[in-house]
Amino acid sequence: MAKNWPLARRRSALQARARIIQEIRRFFNGEGYLEVETPLRIPAPAPESHIDAVPSGAWFLHTSPELCMKRMLAAGYGRIFQICHCWRDGERGSLHLPEFTMLEWYRIDADYRDMMDDCEALVRAVAHIMGFGNTIRCMDGEISLNGPWERLRVGEAFERYGGMSMEEALERDLFDEIMVRDIEPQLGIGKPTFICDYPAARGALARLQENNPVVAERFELYIGGLELANAFSELTDAVEQKRRFLAEEEYRRSQGRPPYPLPGNFLDELSNMPPSAGIALGVDRLVMVLLNAESIDEVVAFTPEEL
Amino acid sequence: MYTVADLRKGLKVTLDGDPYIVIAFDFAKPGKGQALYRTKLRNMINGTILDRTYRSGETFDPAHLEERKMQFLYKEDDHYCFMDNQTYEQTHVSEDALGDAKNYLIDNLPVSVLLFKEKAIGVDVPNFVNLRVIKTDPWAKGDTSGSDSKPATVETGYVLRVPPFIEEGELITIDTRTGEYSTRVKG
């Protein structure tokens, strides 16, 4: 009898996980995407205020394959996807592992609205392969995957669930607390929710809306209160991107975080990138949603504590 | 002094002068936002439950509690009776104050009774406790995968998930920090 019973009992979850990942590959191959692999160990992560990379020698383990994949868009690859491990220092909880599995996909001549359509088609395809119709059970509720899914602006979400306006929450430095405590549990209940149009300061790599530049063309997908994916209409202005990186890096250093070098090659090549959209989706969380799991621990072979 | 990195279920801290115990804890991070530490805390004196969210960098004072080594004697109504190993003095603790610890109390179990201003307000049990299974379904023949689980009731009345090969009458080790099955005790 298996000595490691917690591992043995995860067999059916890990079998389902493998089927889900196979279906993700089948879906993107069918949509004309090229599967790519970019290095996991990189010299210069994208500086983001609240994401910490794990050092690896003088370099870092990537927190996302975003910069390398955008360099591929700039070099003429029109539709690419990748499934890889990413590392984020200090992130551990029932929805977080410091090493986790990410799915990212990017396409040229698209914006964040196209990414919403991709999400709907992908999640429905994966649900079908798992033997679900267009209804799944998740977090004690039934969720219909029939389209179109709810699209809710961040500002509207604050008015509806947050008890104060988004502007007031930003002003009083309560944006994250209200989002976690009051808004997230209401998102993706009954049907999935795209919460979109974040304040400009909360999308360091996102394009701002042309007619409303205080808003970033960014969305997050929620199902059953669980955040699954983050998408942008990608910023292609290299000067603006460099300015934002410097601001994020200054914030990081002011918090006593280790310095990152500026990702020079990415910034050099960014001006060649056509208008594009991209998205990062947590594969472990997608498996959680489809298996109705309460903790991310249930859908991976090993947690860091078990190594 | 504790930091947010020390937060876990069972940690005891001082808030507004009162001792509180963390009864639920999770890490949260809204997309691209900052790390938040969500806690549910129970006031160990009056039972009030608080929901508090902390940011990285925040610190906590440990709860100032006196610990006395005792053993569990018996339960009477909604009170549990413990005896001091040195003075033989007996102390009562209410069921509410025990929290999850009541799931593991068998005769003579060594515990630490926690006192605040001379009043017993909680009990720490050992990290691992051996309890006998008094009720569970028999092992379905032919299932050798060990990949399933089934409910089992132990002698304290506590119900947990165990591997399919565990039979009634067997002794199992439970991790009291998680409440989960750990191993089978051989022999």
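All of the points below concern the structure found in this document. (Residues numbered from 1 in each chain as written. Chains lettered and ligands numbered in written order. Predicted model: local features only at pLDDT ≥ 70, side-chain atom pairs only at ≥ 80, totals over all residues. Heavy atoms only, no water.)

Here's the deal with the pairing of strand β13 (residues 226–233) of chain A
All names here are of chain A.
Stage number 1. Taken across its eight residues, β13 has eight buried, putting it largely inside the fold.
Stage number 2. Here strand β12 (residues 212–223) folds back onto β13, and the loop between the two strands holds two residues, one of which, glycine 224, carries a positive phi near 60°.
Stage number 3. Taken together, the five bridges between β13 and strand β14 (residues 276–282) define a ladder with antiparallel strand orientation. Counted as the bridge partner of alanine 231 is isoleucine 279 from β14. (Buried < 20%, exposed > 50% of the residue type's maximum accessible area, 1.4 Å probe, protein only. Helix = DSSP H or I, 4+ residues; strand = E, 2+ residues; numbered from the N terminus. Pairing = 2+ DSSP bridges.)

Details of the packing of aromatic side chains
Here a ring pair, both rings aromatic, is described through the centre-centre distance and the interplanar angle of the planes.
Residues and elements named next belong to chain B.
Stage number 1. The full count for this structure, using the stated rule, is 17 aromatic pairs over all chains.
Stage number 2. When the centroid spacing of 6.5 Å and the interplanar angle of 10° are considered together, the rings of phenylalanine 25 and tyrosine 37 count as stacked. Here phenylalanine 25, found in strand β3 (residues 18–28), pairs with tyrosine 37, found in strand β4 (residues 36–43); they are 12 residues apart in sequence, far enough to count as distant.
Stage number 3. For phenylalanine 25, a relative accessible area of 30% puts it in the partly exposed group.
Stage number 4. A relative accessible area of 12% places tyrosine 37 in the buried class.
Stage number 5. Centroid distance tyrosine 54 to phenylalanine 60: 4.7 Å. Interplanar angle 80°. Geometry classified as edge-to-face. (Phe/Tyr/Trp six-rings, centres within 6.5 Å; stacked < 30°, edge-to-face > 60°.)

Quick notes on helix α3 (residues 66–74) of chain A
Residues and elements named next belong to chain A.
Stage number 1. Counting buried positions along α3 gives seven out of nine residues, so the element sits mostly inside the fold.
Stage number 2. On the buried face of α3, the contacting elements are β5 (79–87), β6 (99–108), β13, α8 (238–254), α9 (264–269) and β14.
Stage number 3. Just downstream of α3, glycine 76 is the residue with a positive phi angle, here 105°. (Contact = heavy atoms within 4.5 Å.)

Here we look at the interface of chain B and chain A
Stage number 1. At the junction of the two partners, chain B supplies 26 residues and chain A supplies 27 residues.
Stage number 2. Of the roughly 2400 Å² buried between chain B and chain A on both sides combined, carbon and sulfur atoms contribute 54%.
Stage number 3. Taken together, chain B and chain A are joined by four salt bridges.
Stage number 4. Counting across the chain B and chain A interface gives nine residue pairs in polar contact (both at pLDDT 80 or more).
Stage number 5. Elements represented by at least two residues in the side of chain B that touches chain A include exactly β3, β4, β5 (49–55) and β14 (159–162) of chain B.
Stage number 6. Looking at the side of chain B that touches chain A residue by residue, the class counts come to 10 nonpolar, nine polar and seven charged. (Buried area = accessible area lost by both parts, 1.4 Å probe. Salt bridge = Lys/Arg side-chain N within 4 Å of Asp/Glu carboxyl O. Polar contact = N/O pair within 3.5 Å; in protein donor to acceptor, adjacent residues only side chain to side chain. Nonpolar A, V, L, I, M, F, W, Y, C, P; charged D, E, K, R; others polar.)

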